Amino acid sequence: MQRLALFDLDRTLVDLYAAFRRWAAEFVEQRRLEPEEVAWLVDLDRDVRPQRDLFFARVRERYALAEPVGELLAAYCRRMPHHVRCYPGVLDGLAELRALGWRVGVVTNGLPDNQLGKLRRTGLADLIDGCAVSGAEGVRKPERSLFEIAARRCGATLADGGWMVGDNLIADIQGARTAGLRSIWIDRGTWPGHRHQADHVVSDVVEAMAILRADTRD
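Residues numbered from 1 in each chain as written. Predicted model: local features only at pLDDT ≥ 70, side-chain atom pairs only at ≥ 80, totals over all residues. Heavy atoms only, no water.

## Examining unusual backbone geometry
Which entries qualify depends on this criterion: Going along the chain from the N terminus, every DSSP run of H or I of four or more residues is numbered as a helix, and every run of E of two or more is numbered as a strand.
The omega torsion across Lys 141 and Pro 142 is 15°, close enough to zero to call that bond cis. With respect to the helices and strands, Pro 142 occurs in the loop between helix H7 (134-137) and helix H8 (144-153). Positive phi, normally seen in glycine, also occurs at Arg 32, with a value near 55°.

## Considering empty space enclosed by the protein
How we decide: Put plainly, a pocket is an open set of points on a 1 Å grid over the protein atoms alone with protein on both sides within 12 Å along at least five of seven lines, a cavity is a set where a 1.4 Å probe fits but cannot get out, and a lining residue has an atom within 4 Å of a point. Grid points are joined across faces, edges and corners, and a volume is the space filled by probe spheres set on the points. For this scheme, ten residues count as nonpolar: Ala, Val, Leu, Ile, Met, Phe, Trp, Tyr, Cys and Pro. Four count as charged, namely Asp, Glu, Lys and Arg, and the remainder, Gly too, count as polar.
Using the criterion set out here, one finds one cavity of 30 Å³ or more in the structure. The calculated volume of the largest cavity comes to roughly 30 Å³. Along the walls of the largest cavity sit Arg 11, Leu 16, Tyr 17, Phe 20, Asp 45, Arg 49, Arg 52 and Tyr 76, which together make up its complete lining. The leading source of residues in the lining of the largest cavity is helix H1 (residues 16-30), at three residues. Here the residues of the lining of the largest cavity are counted per class, giving four nonpolar, no polar and four charged.

## Some details on the pattern of salt bridges
Threshold: Every case where a carboxyl oxygen of Asp or Glu lies within 4 Å of a side-chain nitrogen of Lys or Arg is listed as a salt bridge. The rule is simple: take the accessible area with a 1.4 Å probe, protein chains only, and divide by the maximum for that residue type; under 20% is buried, over 50% is exposed, in between is partly exposed.
Per the stated rule, a full pass over the model turns up 17 salt bridges. A salt bridge links Glu 26 to Arg 79; the nearest nitrogen and oxygen atoms lie 2.8 Å apart. On the criterion of sequence distance, the pair formed by Glu 26 in helix H1 and Arg 79 in helix H4 (residues 69-83) is long-range, its members being 53 residues apart. By relative accessible area, Arg 79 is classed as partly exposed at 31%. A salt bridge links Lys 141 to Asp 172; the nearest nitrogen and oxygen atoms lie 2.6 Å apart. Here Asp 172 lies in helix H9 (residues 169-179) and Lys 141 lies in the loop between H7 and H8, a separation of 31 residues in the sequence. You can call Lys 141 buried: its relative accessible area is 6%. In this structure Asp 172 comes out as buried when scored by relative accessible area, which is 0%. Residues participating in the shared-partner salt-bridge network are Asp 8, Lys 141 and Asp 172.

## What to know about the layout of surface pockets
As a volume, the largest pocket reaches approximately 790 Å³. In this structure, the largest pocket is lined by 30 residues; those nearest its centre are Arg 11, Arg 49, Pro 50, Asn 109 and Arg 140. Contributing elements (two or more residues each) for the lining of the largest pocket: H1, helix H2 (37-48), helix H3 (52-63), H4, helix H6 (112-122) and H9. When its residues are assigned to classes, the lining of the largest pocket shows ten nonpolar, seven polar and 13 charged.

Read these as spatial facts, not as claims about activity.
In structure tokens form, the structure reads like this:
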């Protein structure tokens with residue numbers, strides 16, 4: 001099996017929950033809203049994710065904002081990359097994998113400006129061989145074709161196998177199975193009681209990288 005490791009982005013390599021809370025705090029401050037509105041925004045994000053149009057339609061209505069939904073969404077996509085941080089150990093871990101001969105890619109659902117901005121701002125763009133963003137390709141995980149695009153941009157092919165690491169049982173783990181990849185599921189406690197077919201289950205991406213390093217030795 002070739003040394004190909006594909007990673008999800010949000011809540012796998014980067015802490016989107018913390019980033020969203022930082023964005024919400026900034027939004028509340030800029031709009032001169034009451035501090036408790038941060039909690040309302042966080043709750044709404046949890047309830048409607050990933051439907052950003054719906055999220056900003058609700059925000060616009062609640063605060064009687066003049067800007068149209070599309071303008072609010074565009075502003076969000078411009079600012080979010082500035083708030084995103086990698087989980088501890090991610091950058092060093094990816095660098096080590098590449099030093100061991102792994103081809104490393106990112107497969108992510110989302111809007112291209114937002115997701116590519118996160119890759120650039122965090123430094124991840126310098127540590128991967130290729131990426132595939134659903135909003136740019138017109139196809140979303142768990143569909144096989146998005147994984148194919150990412151593998152090809154890494155100079156690899158799904159026919160020779162590899163790994164997928166992610167936190168979503170459908171988009172990442174089911175998608176990996178469809179793509180013929182082995183998988184490592186990052187269980188963050190958001191899928192209670194759900195059955196899965198992941199090859200390994202870990203609590204964070206650093207553990208997943210350790211499994212890949214062990215696979216190198218094998």
